[in-house]
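Structure at a glance
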Amino acid sequence: MTMSVRRDLLPGMLDMLVLKTLTIQPMHGYGIAQHLHRLSEAVIQVEEGSLYPALQRMRQRGWISAEWRQTPNNQRARYYTITAAGRQQLGEQTAGFADLLAAVSRVMEVA
Amino acid sequence: MSAREWLARLFDWSRREQLDRELDDELRFHRGQLERDAVDAGASEREAKHDAARRLGNVTRVHEDARDRWSWPWLDHLFQDMRYAWRGIRRSPGFAIPVILTLGLGIGANAAMFGLIDRMMFRPYPYLRDPGSVHRVYLQSTFRGNRQFWGSTEYTRFLDFKKFSTTYQQIAAFSAGATAIGTGEDAREFRVAGVSASLWDFFNARPALGRFFTAAEDTTPRGADVAVLGYGYWTAQYDRRDVLGQTIRVGNITATIIGVAPEGFTGVSDGEAPAAYIPITTYAGSNANQRDREEYYTRYNWGWLYVMVRLKPGLTAEAAEQDLTSAYIRSWNAELEFDGEGTPVAIAQPRALAGPMKTAAGPNAGLEAKTLLWVSGVAVIVLLIACANVANLMLARLLRRQREIAVRLALGVSRGRLLMQTLTESLMLALLGCAAGLLIAQWGGATLRHLYAQQGAGEGIVTDGRILAVSLVAALLAALVTGVLPAVAATRADLASSLKSGAREGTHQKSRTRVALLVVQGAMSVVLLVGAGLFVQSLDKVKDMRLGFDAEPLLLVNRILRGVQLDSSARVQLSRRLLDAAQALPGVSEAALVSSVPFWSTSSTSLFVSGIDSVSRLGRFTYQTATPDYFTTTGTRILRGRPFASADREGAPRVAVLSESMARILWPSAEALGQCIRVGSDTLPCTEVIGIAEDAVQNSMLDNDKRLRYYLPLDQYFPANGNYMLVRMHGDPSRQVESVRLALQGAMPGESYVTVRPLIEIIDGERRSWQIGATMFAAFGVLALIVAAVGLYGVIAYGVAQRMHEMGVRIALGARSGDVVRLVMGQGMRVAGAGIVIGLGVALLVAPRVQPLLFQQSARDPVTYAAVGVVLLLVALLASALPARRATRADPNAALRAD
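Residues numbered from 1 in each chain as written. Chains lettered and ligands numbered in written order. Predicted model: local features only at pLDDT ≥ 70, side-chain atom pairs only at ≥ 80, totals over all residues. Heavy atoms only, no water.

A few points about the overall build of chain A
Summing up its helical and strand segments, chain A has 4 helices and 3 strands in all. Seen in sequence order, chain A has helices and strands lined up from the N terminus as α-β-α-α-β-β-α. In chain A, which comprises 111 residues, the proportion classed as buried is 40%. Here chain A has roughly 6400 Å² of accessible surface; of this, 57% comes from carbon and sulfur atoms. (Helix = DSSP H or I, 4+ residues; strand = E, 2+ residues; numbered from the N terminus. Buried < 20%, exposed > 50% of the residue type's maximum accessible area, 1.4 Å probe, protein only. Areas by Shrake-Rupley, 256 points an atom, 1.4 Å probe, with all protein chains shown as cover.)

Below is the structure:
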């Protein structure tokens, strides 16, 4: 079943989710999309193609590195690995996100 | 964006096609996986394709977004512009080559001059930690009514500063001089530095081998006999072998080699890197002069070293000066107390300040440094002239392309883009000019080195980071000036009229810009030529000035005792033996022993003349003691009376020869010959004045050298003082240095040795500032004139070409050749006239500041100014004569037919 309401991601949130996903293990773009789709129970819907410009941006910022490898099915795919700078970035974003979340819920409770 | 991200983007940009392909592969893989998932879930192939496309989203936008991550539109534009510019440059070598050469000369001149000035004034010593906090201590006091800086100071003074000053973190003393290394015939003089052990702590240097010496090895009365070799000397003499523990003969000591300084280390020496460093107390404690070596750390009569400090952080120059001055005053009082005589503080007003390490940038910079600064200014002017000229050429080129530009503007190309294209072109030309300039500087560096005679100057221009940086900045500025100005002028053009009429109209406006540029060039050339004229005349005057002796045929021999203790009579005998050996040499015409050398040393003693209360109030009288052949050897003329002879020996009546100035100042109205002076003490018997000699320079080429000098027979006064010998040669003395040295070395006992050098070397050193000024101003002045003349010719020729039609009409209407010539030449003359008036005005304004650098030459000499004006007019005449001739050949028929 598909949600009828399209939920857009806040700016920067995609980065955070991707980085978090990559802390599990190096993955290719398809793997990342699957992971997000599965874990968010399809609430988070991104055009999966739009992952790729984001991955390029993060690679240029030094948060992740990319490498062509063989998949278990012997296909060639580009695997992304989180770097030390990426982990640091993730830490900062997570903290910022927690603050934001707490603030939003406080506002929502009062209102 | 972080630097890292910029770099990553730049790198991605360089492999953007690969990245595009990889993205394709990635998306294909993704789509394949999605389709496989759908098929696995039971969808048909068609449904699977559809589903995959939906989940993947807008792939075109993905491509675009990703491509944005590695695209640089302006970089692509830049490359496009560069290709365009490069084609333009290659297509018109007749335009590009003069531009590149002109800019090359301008940039090259600046690169070379910057290299020189930087080395002399600004560049920190290699390995020096935090150079900004390191200063040389300058000492100033009033002596005989003159406020002056003292070059060097005493070790005792250094100890006082160490004790009394509180503003320094580190303090060190240093000295350097030519000292013999090696023994016997192989003994050669090298630069040897005596430095306090604390000097090493100023640097972040680790020895290439072994270690540096420590404070325990640098102690009074005499430090340890240890030496640290310079890297260059170690390489040249030992081929970088392990030399630790070996001994080396340095001056009077046999030192153990304990270390080698790292590559490039020069300590705080300007110019040549020392061959060896020894503890400063070893340097002083082994001095040949017994009094000096025993008293150097208690008394204040041997000033031979320099003091440097690292100031505490955050200290202002004023606070440092205050502290150093109060330390100096305490030291001054200590000296008074010790010596019991001297000038009191109230009169001497001692002052100590922390200034730049390099003396050329300090408060007591010499003429040479000041002249070089001016020459650097000249180099900047040459670059400006070059820029003006290139801007003119660029403008002319743009004007020729006026229609093309108008068309492109009309087609909607933005002015900004056009400007960028012009800028790119000028940037490429400037960079090519920069490359040419560096080559010119490298090549010209040899000349500079010869002129300036400083080692290291002008070396490795192309490989020096600081010079490269300055040259690049100069090139960028030149590109801006030569690109923006013409581009703005050209693109401002009125579109419609340009499109309509093409070249014939609408160019007048812009030729006014060109004329203004020309006037500026002319004016700057005038200023440089005036400078050249003044300096060349100064040099002529300083060269023509009678020194009071003939420097050219003389060799100066210095004998240095080492490892032998000779009493004064043995020293006298040694000097005699040397004199006899020299006189017996082929090629030698005469020789004389002397006690002092012009520009090196003077001696004075108290002098008493009956009828004059205080002779010393009349000035400083210096004496030269010499053997009888002195006057024939040096060529100093005896004006009246006689020179001394061999009969004027010890025991005979004492005699003296006086300089003309000295005779006149002592006896303004009486005959000096036969008068009586008492030398050293007023109780001594008379010394009879037997001759009057022409004046001779002593310490300075300048007028403040009063030339009050008297000559005494060596035998009658200080026979043991004949340390130096002047030898007059028949042929070119510079070719006989080595043969004379070898012949005299044979007469030296033990490890003692002689050094021999042409006297003219010393004189040339004294004349160098005028030599530099004359050569550089003349070279740059002529360069500027040529550039300006070519520029003038170009503009007038262009103007004539534009106006050929008009000329034809004029001739058709009855104008004669003379009228046309007057019309064209008048334009050239007006430009030249304006340039001359402005240039001479500027020169007059600047003149007072140049005056101190000149030698007996007024900086506002009307003849020089007039001559420069005439030269510029003649050049302008020549430059406009050719186009004028062309104008007279305008064809009236063609002109009439065209309309």
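Some remarks on the overall build of chain B
Across its full length, chain B carries 27 helices and 22 strands. A globule of 899 residues ought to have a C-alpha radius of gyration of about 29 Å, yet chain B, at 37 Å, is considerably larger. With the C-alpha coordinates of chain B rotated into their principal frame, the extents come out at 125 × 100 × 55 Å. By the burial criterion, 50% of the 899 residues in chain B qualify as buried. The averaged location of the 83 negative side-chain charges in chain B is 7 Å from the averaged location of its 97 positive side-chain charges. (Rg over C-alpha atoms; globule rule 2.2 N^0.38 Å. Lys, Arg positive; Asp, Glu negative; His and termini not counted. Charge placed at Lys NZ, Arg CZ, Asp CG, Glu CD.)

Observations regarding the state of the cysteines
All names here are of chain B. One pass over the full model with this rule turns up 1 disulfide over all chains. Note on cysteine connectivity: Cys676 is disulfide-linked to Cys686, with sulfurs 1.7 Å apart. Given an S-S torsion of about -100 degrees, the disulfide between Cys676 and Cys686 has left-handed geometry. With a gap of 10 residues between them, Cys676 in strand β18 (residues 676-679) and Cys686 in the loop between β18 and β19 (687-693) connect regions that are remote in the sequence. (Disulfide = S-S within 2.5 Å.)

Here's the deal with the sheet that holds strand β3 (residues 76-82) of chain A
Residues and elements named next belong to chain A. With antiparallel pairing, the 3 strands of this open sheet are ordered in space as β1-β3-β2. Here the strands that pair on one side only, and so sit at the sheet edges, are β1 (27-28) and β2 (64-70). Both β1 and β3 contribute to a ladder of 2 bridges, which runs antiparallel. The residue bridging His28 from the neighbouring strand is Tyr79, located in β3. Each of β1, β2 and β3 is contacted by helix α1 (residues 13-22), which is oriented at about 100 degrees to β3, the strand it contacts most. (Pairing = 2+ DSSP bridges. Contact = heavy atoms within 4.5 Å. Axes fitted to C-alpha atoms, helices over the stretch in contact; angles between N-to-C directions.)

Quick word on the pairing of strand β1 (residues 134-143) of chain B
All names here are of chain B. Counted residue by residue, β1 has 9 buried out of 10 residues, so it is predominantly covered. For β1 and strand β11 (residues 351-355), the ladder comprises 5 bridges, and the chain directions are antiparallel. Directly across from Arg136, in β11, lies its bridge partner Gly355.

What to know about the pairing of strand β10 (residues 306-311) of chain B
Looking down a regular strand, the side chains alternate between one sheet face and the other. Residues and elements named next belong to chain B. Buried residues dominate β10, accounting for 5 of its 6 residues. Note that strand β3 (residues 168-181) and β10 share 6 bridges and pair antiparallel. If you follow Phe174 over to β10, its bridge partner there is Tyr306.

So, the confidence of the model for chain A
With 89% of its residues at a pLDDT of 70 or more, chain A shows a mean pLDDT of 85. In the model, residues 1-6 of chain A has pLDDT below 50 throughout and makes 3 contacts with residues more than four positions away in sequence or in other chains. (pLDDT = per-residue confidence, 0-100.)

Brief notes about the side chain of Ser525 of chain B
Residue and element names in this part refer to chain B. Take Ser525: it is sitting in helix α18 (residues 508-544). Side-chain polar atoms of Ser525 contact the backbone oxygen of Ala784, separated by 3.4 Å. In contact with Ser525, not counting residues within four places along its chain, are Ile385, Ala784, Leu785, Ala788 and Leu872. (Polar contact = N/O pair within 3.5 Å; in protein donor to acceptor, adjacent residues only side chain to side chain.)

Topic: the nonpolar core
Residues and elements named next belong to chain B. Met113, Met701, Leu759 and Phe780 are the most contacted members of the largest nonpolar core, which totals 101 residues. Per-element accounting of this core gives the leading share, 14 residues, to helix α6 (residues 93-122). Residues in contact with Met113, not counting those within four places in the same chain, are Leu372, Val375, Ser376, Ala379, Leu448, Met776 and Phe780. Grouped together as the second largest cluster of nonpolar side chains are 45 residues, Ile253, Val260, Trp304 and Tyr328 included. (Core = buried A, V, L, I, M, F, W, Y, C linked by side-chain atoms within 4.5 Å.)

Considering the packing of helix α25 (residues 817-850) of chain B against helix α26 (residues 862-888) of chain B
Residue and element names in this part refer to chain B. Packing of α25 against α26 leaves a shortest axis separation of 8 Å and a crossing angle of 155 degrees. One element, α25, and the other, α26, form an angle in the roughly antiparallel class. When the axes of α25 and α26 are compared, the crossing they make is right-handed. (Parallel < 35°, antiparallel > 145°, perpendicular 65-115°, else oblique. Left-handed = near helix turned anticlockwise from the far one by under 90°.)

Here's the deal with the side chain of Arg123 of chain B
Residues and elements named next belong to chain B. Here Arg123 shows up in the loop between α6 and β1. Here Asp464 takes part through its side chain, which lies 2.8 Å from a polar atom of the side chain of Arg123. Ignoring anything within four residues of it in the chain, the contact list for Arg123 reads Asp118, Lys358, Asp464, Arg466 and Ile467.

Describing the interface of chain A and chain B
Facing the 27 residues of chain A at the interface are 27 residues of chain B. Roughly 2300 Å² of surface becomes buried between chain A and chain B when both sides are summed, with 50% attributable to carbon and sulfur atoms. On the chain A side of the contact with chain B, Tyr30, Tyr52 and Gln60 of chain A bury the most area, a combined 32% of that side's loss. If you look at where chain A meets chain B, you find 5 salt bridges. Inspection of the chain A/chain B interface yields 15 residue pairs in polar contact (both at pLDDT 80 or more). Elements represented by at least two residues in the side of chain A that touches chain B include exactly α2 (29-39), α3 (51-60) and β3 of chain A. Of the residues forming the side of chain A that touches chain B, the biggest block, 6 residues, is contributed by α3 of chain A. Residues that form the side of chain A that touches chain B fall into these classes: 8 nonpolar, 12 polar and 7 charged. (Buried area = accessible area lost by both parts, 1.4 Å probe. Salt bridge = Lys/Arg side-chain N within 4 Å of Asp/Glu carboxyl O. Nonpolar A, V, L, I, M, F, W, Y, C, P; charged D, E, K, R; others polar.)

Quick word on the environment of Ala881 of chain B
Residues and elements named next belong to chain B. Topologically, Ala881 is positioned in helix α26. Here Ala881 falls in the partly exposed class, since its relative accessible area comes to 29%. Counting along the chain gives 107 residues from Ala881 to Ala774, while the straight-line C-alpha distance between them is 31 Å.

Details of the pattern of salt bridges
Side chains bearing opposite charge may pair, as long as their charged atoms lie close to each other. Residue and element names in this part refer to chain B. In the structure shown here, the tally under the stated rule is 43 salt bridges over all chains. For Glu368, the salt bridge goes to Arg768, with nearest N and O atoms at 3.7 Å. Taken together, the positions of Glu368 in helix α13 (residues 367-400) and Arg768 in helix α23 (residues 759-802) put the pair 400 residues apart, joining distant regions of the chain. Beyond isolated ion pairs, a larger network of salt bridges with shared partners links Asp118, Arg119, Arg123, Asp464 and Arg466.

Remarks on the packing of aromatic side chains
All names here are of chain B. Summed over the entire model, instances satisfying the criterion amount to 32 aromatic pairs over all chains. Measuring from centroid to centroid gives 5.7 Å for Trp200 and Phe265, while their planes differ by 25 degrees, and the two rings are stacked. With Trp200 in the loop between β4 (188-195) and β5 (209-210) and Phe265 in the loop between β8 (253-260) and β9 (276-279), this residue pair connects regions lying 65 residues apart in the sequence. For the residue pair Trp200 and Phe265, the accessibility class agrees, reading buried in each case. A centroid spacing of 5.5 Å and a plane angle of 65 degrees characterise the contact between Trp200 and Tyr277, whose relative ring orientation is edge-to-face. Of the two residues, Trp200 sits in the loop between β4 and β5 while Tyr277 sits in strand β9, which places them 77 residues apart along the sequence. Its relative accessible area of 6% is what places Trp200 among the buried residues. With relative accessibility at 1%, the residue Tyr277 sits in the buried group. An aromatic cluster of at least three residues, connected via ring pairs, comprises Tyr127, Trp200, Phe203, Phe212, Phe213, Phe265 and Tyr277. One residue, Arg136, lies across the ring of Tyr306, its end atom 5.2 Å from the ring centre. The cationic tip of Lys358 hangs over the ring face of Tyr125; the distance from NZ or CZ to the ring centre is 4.7 Å. (Phe/Tyr/Trp six-rings, centres within 6.5 Å; stacked < 30°, edge-to-face > 60°. Lys NZ or Arg CZ within 6 Å of the ring centre and 35° of its normal.)

Focus on the confidence of the model for chain B
Residues and elements named next belong to chain B. Chain-level statistics for chain B give a pLDDT mean of 86 and a share of 95% at 70 or above. Confidence drops under pLDDT 50 across residues 502-507; counting only partners more than four residues distant or on other chains, this segment forms 7 contacts. Interface scoring of the predicted complex returns ipTM 0.89; its pTM is 0.72.

Quick look at unusual backbone geometry
Residue and element names in this part refer to chain B. The linkage connecting Thr220 with the following residue, Pro221, adopts the cis geometry, with an omega of 0 degrees. The backbone of Asp239 sits at a positive phi, close to 55 degrees, despite the residue not being glycine. The topology assignment puts Asp239 in the loop between α8 (231-238) and β7 (247-250). Positive phi values are uncommon outside glycine, yet Gln856 reaches one of about 45 degrees. As for its placement among the helices and strands, Gln856 is situated in the loop between α25 and α26.

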